[in-house]
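These are the residues of each chain, in order.
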Amino acid sequence: MSHEYVAVFSHRGLGRMIRLTVVAGYVFDLTFQEAQILSRALAAVKEKKSSVDEVYMSPIASDGDFAAKVLADGVVFEAKTPPVRLSWLEVDQMAQALAAASAQ
């Protein structure tokens, strides 16, 4: 899957932030610290270094929260819109993109 998951932007009140686009219309604005945390959490479940069955986040600058339920073959992002299923390859790409953007 070729997909741009993250973009750095400037929030008028919070400064530089990262916009996470899971799929079109499924967007969350994260602080750099939130992006780092999410990147590490997704990498940990993908690499089976964490036995959690869900990664939950309520980003400070977004209107909603989300949960990424861990499955055998990837995760399912659940929020206000219909759930979005991502394979482990897509989870890895997202985690790497978040890590790279939050290291800037």
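That block above? That's the structure.
This section reports on the structure supplied with the text. All values reported here derive from a predicted model rather than from experimental measurement. (Residues numbered from 1 in each chain as written. Predicted model: local features only at pLDDT ≥ 70, side-chain atom pairs only at ≥ 80, totals over all residues. Heavy atoms only, no water.)

## Let's talk about the sheet that holds strand β5 (residues 66–71)
Now for step 1: The four strands are arranged β4-β5-β6-β7 in an open sheet whose pairing can be described as antiparallel. A single partner strand is all that each edge strand has here, and the edge strands are β4 (54–57) and β7 (84–87). In this sheet, neighbouring strand axes are inclined to one another by 20° on average, regardless of whether the strands run parallel or antiparallel.
Now for step 2: As paired elements, strand β6 (residues 74–78) and β7 share four bridges and run antiparallel to each other. When the bridges of β7 are listed, G74 appears paired with S87.
Now for step 3: Packed onto the sheet, helix α1 (residues 32–46) meets β4 and β5 and runs at close to 175° relative to β4.
Now for step 4: Running over the sheet, helix α2 (residues 88–102) touches β5, β6 and β7 and is turned about 90° from β7. (Pairing = 2+ DSSP bridges. Helix = DSSP H or I, 4+ residues; strand = E, 2+ residues; numbered from the N terminus. Axes fitted to C-alpha atoms, helices over the stretch in contact; angles between N-to-C directions. Contact = heavy atoms within 4.5 Å.)

Remember, this is a structural readout, not a statement about activity or role.
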